[in-house]
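# Understanding the architecture of this molecule
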Amino acid sequence: MGPAAGKPTRTGTWASPGLVLALIGLGLLGQATATHWGADKSTTGCRETQTQPEAQPLGKRRAPPTRQEGRPAPPLVPRNPGEVRMLLLWTWLPVLALLASCGGAQECRPPPGAPRAKNVALGRPAVQSSTFARRISGRASKAVDGNCSGFWRRGSCTQSRLQKEPWWAVDLGAQYSVSTVVVKNRQDCCSKRLQGAQVYVGDAVADRKDPSRLCGTILNTTPGSITTIYCNGLKGHLVIVSISGRPESLSLCEVEVYGNKQEPTPCCKPGGAPQ
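On a predicted model such as this, the values are computed, not experimentally measured, just so you know.

Right, let's talk about the overall build of the protein for a bit. Along the protein, the regular secondary structure elements total two helices and nine strands. Taken from the N to the C terminus, the helices and strands of the protein come in the order β-α-α-β-β-β-β-β-β-β-β. Split by element, the accessible area of the protein, about 16,700 Å² in all, is 58% carbon and sulfur.

The following block contains the structure:
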């Protein structure tokens, strides 16, 4: 059972699995490097001899100890071809993991407990109160293009002009019982613009003024944050994100909607009997 409607939900930015794998690979690389390049007493072929210091007559200063000889310097190259392959493996593993991390950053996470849920907002028609358009257009459809990048210059974020109470809406194409809405914030700058933005489910844009249609409020405005808001089955064919009470420029980098389509009620014959 999700939290009550209007209650702030768990928010934050998840670490990419590729980045975690990269950190593990770097740690293993350090361990492998220390093993291959460090000095090993059992394989040097020489042992350090322990000598007792000679007794010195009283009143005379003891000479500083001399550097012990007989221990060779660590090898500058791996000792066999197998070690060369191991070093190459641990060197490339972090690089590949970082590349995987960059690719994984393009996707928003599904709601908890529903890893196979379908994003019903993907590719659906979207509109907004106004559009900021210069060299890069911040048109409304960019919030439902499937690209979760939080960087404006990559061309996947919406942006309205600076105006009082801006809004954005997506048409799901049918009545849905909405369980969760996931909102991706900008990562490069301006993330504070989303402070206090509210998510609604309704059948008209004007429903953003109806408190009974409110799912919740976005409170986490850290750069690149992903906010999951639970709508607890509110029904409608529109999901609306709006900012009320102040002039602002609304910017969204991705909006994902999860829920169940509501089947229409079957028609009835005269007399009330269903067909």
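A complete count under the given rule lists three disulfides for this structure. Residue pairing for C157: its cysteine sulfur links by disulfide to C253, the two sulfurs lying 2.1 Å apart. On the S-S bond that ties C157 to C253, the torsion sits near 95°, and the link is right-handed. Here the residue C157 occupies a position in the loop between β2 (126-128) and β3 (163-164), and C253 occupies one in the loop between β8 (247-248) and β9 (254-261), the gap between them amounting to 96 residues. Of the two residues, C157 and C253, both sit in the buried class. There is a disulfide in this structure between C189 and C190, and the S-S distance comes to 2.4 Å. A torsion of -60° about the S-S bond marks the disulfide between C189 and C190 as left-handed. A relative accessible area of 34% places C189 in the partly exposed class. C190 sits in the partly exposed class, given a relative accessible area of 26%.

What follows covers the confidence of the model for the protein. In this model, the protein carries an average pLDDT of 74, and 53% of its residues clear a pLDDT of 70 or more. Here strand β1 (residues 11-12) stands out as the element of the protein with the lowest mean pLDDT, 42, in contrast to strand β5 (residues 198-202), whose mean of 98 is the highest. Long-range and interchain partners of residues 1-17, a stretch whose pLDDT sits below 50, account for 35 contacts in this model, where long-range means more than four residues apart. Overall, residues 95-107 carries pLDDT values under 50, and its contacts beyond four positions in sequence, including any with other chains, amount to 17 contacts.

Moving on to unusual backbone geometry. For E165, which is not glycine, the phi dihedral falls at a positive 50°. The residue E165 is located in the loop between β3 and β4 (167-184) in this model. Unlike most non-glycine residues, N232 shows phi in positive territory, near 55°. Of note, N232 is situated in strand β7 (residues 226-242).

Rules of the game
Residues numbered from 1 in each chain as written. Predicted model: local features only at pLDDT ≥ 70, side-chain atom pairs only at ≥ 80, totals over all residues. Heavy atoms only, no water. Helix = DSSP H or I, 4+ residues; strand = E, 2+ residues; numbered from the N terminus. Areas by Shrake-Rupley, 256 points an atom, 1.4 Å probe, with all protein chains shown as cover. Disulfide = S-S within 2.5 Å. Buried < 20%, exposed > 50% of the residue type's maximum accessible area, 1.4 Å probe, protein only. pLDDT = per-residue confidence, 0-100. Contact = heavy atoms within 4.5 Å.

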